[in-house]
Amino acid sequence: MINSVVVLGSGKVSYHLVRALLRSGINIKQIFSRNNNTGSQLAGLANCGFVNEVSDILPDADAYIFSMNDDADKVVSQKLKTRKNKIFIHTAGSLGMNIFESKTENYGVFYPFQTFSQSTDLDFSKVPLCIEASNPETLENLKILSEKLSCKYYEITEDKRKILHLTGVFACNFMNHCVYLGEEILKGADISEEIIKPLLEQSFYKILSQGAFSSQTGPALRNDKISMEKHLEYLQDNKNLSDIYSLLSESIFKTYNKENGE
Ligand SMILES: NC(=O)c1ccc[n+]([C@@H]2O[C@H](COP(=O)([O-])OP(=O)(O)OC[C@H]3O[C@@H](n4cnc5c(N)ncnc54)[C@H](OP(=O)(O)O)[C@@H]3O)[C@@H](O)[C@H]2O)c1
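Definitions and limits used
Residues numbered from 1 in each chain as written. Predicted model: local features only at pLDDT ≥ 70, side-chain atom pairs only at ≥ 80, totals over all residues. Heavy atoms only, no water. Disulfide = S-S within 2.5 Å. Near = heavy atom within 4 Å. Polar contact = N/O pair within 3.5 Å; in protein donor to acceptor, adjacent residues only side chain to side chain. Areas by Shrake-Rupley, 256 points an atom, 1.4 Å probe, with all protein chains shown as cover. 1 Å grid on protein atoms, 1.4 Å probe; cavity = no way out; pocket = protein on both sides within 12 Å on 5 of 7 lines; lining within 4 Å. Sits in = over half its atoms within 2 Å of the grid points. Helix = DSSP H or I, 4+ residues; strand = E, 2+ residues; numbered from the N terminus. Nonpolar A, V, L, I, M, F, W, Y, C, P; charged D, E, K, R; others polar.

Peer 1: How should I be thinking about the state of the cysteines in this particular structure?
Peer 2: Simply put, disulfide is the name for a covalent bond between the sulfur atoms of two cysteines. Applying the stated criterion across every chain yields a total of zero disulfides. Not part of a disulfide, Cys130 finds its nearest cysteine sulfur in Cys151, a span of 11 Å. Cysteine Cys178 is unpaired, with the sulfur of Cys172 as its nearest cysteine sulfur at 12 Å.

Following this line, the structure appears as structure tokens:
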């Protein structure tokens, strides 16, 4: 059973995870981070010790949650002493759990399929957790931890987790970037960015209620060549934007013409 943890990393995921762990009564024994500022702030929030040297990491937590970047998860875990009866888990989308295999028999993944920002509040109980473990006992412990956090969990293998991560890049990261590009176009034309918010709200409402496929609208769907030419003319001095516009328009056109059997 996981009753106490050390959290390694003090970035976005660590921040939200620490808050959720605190709410569920898990004892956070220590924060490790290379970043003295965010590390000590997070330790202050968790009311626990902060260290920035691997050699100072406490040996007696039930679990060690690695939430740095992929390379740091590997490097720091390699520097840690072997802790055969402890649980090592990481929160990464595209990293195998076997990075821990030489350190403990009990290891796994605790990947939250959500987008985290420090400045935005989040109901952690709505975060789907993708779990994977080296043995049935560790898997059971990760299920119990997920339940303590009031989260829905999914047993997802490494191959499927990578696909999920890829899906997140399309559905969240690319979508977000497209909204950012739209905001920049508004700014460049001296139009208030506020005007886009109702459109975004209604777009998300439609996607969530009826799915993305039937929510699509716009000139590429209608194959409205005149509008698309006008847009590309406006973007003619910006190769990046005109390339993205053409690529996405072509993808939309092909998607619906394939579905219609044309
Ligand atoms: N953000 C998300 O939406 C999200 C969602 C699901 C899963 N994840 C995964 O969760 C993990 C953490 O992501 P995050 O968004 O919390 O990242 P983050 O905000 O960038 O924080 C990363 C943390 O790792 C530290 N770090 C980076 N490189 C390091 C190194 N070479 N040595 C030691 N520490 C290092 C950073 O320290 P500094 O502050 O000094 O850079 C920071 O404390 C990643 O595996 C990510 O893939 C992220």
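Continuing now.
Peer 1: Sorry, what's going on with the site of the ligand here?
Peer 2: Surveying the vicinity of the ligand reveals 20 residues, the closest of which are Lys12, Val13, Arg34, Asn35 and Phe116. Residue Val13 places a main-chain N or O atom 2.8 Å away from an oxygen atom belonging to the ligand. Between Thr91 and the ligand, the recorded distance is 3.0 Å, taken from a side-chain N or O atom to an oxygen atom. In the complex, 73% of the free accessible area of the ligand, which totals 880 Å², lies under the protein chains. In this structure the site holding the ligand corresponds to the second largest pocket. Contributing elements (two or more residues each) for the shell around the ligand: helix 1 (12–23), helix 3 (70–79) and strand 6 (106–112). Its residues assigned to classes, the shell around the ligand comprises seven nonpolar, ten polar and three charged.

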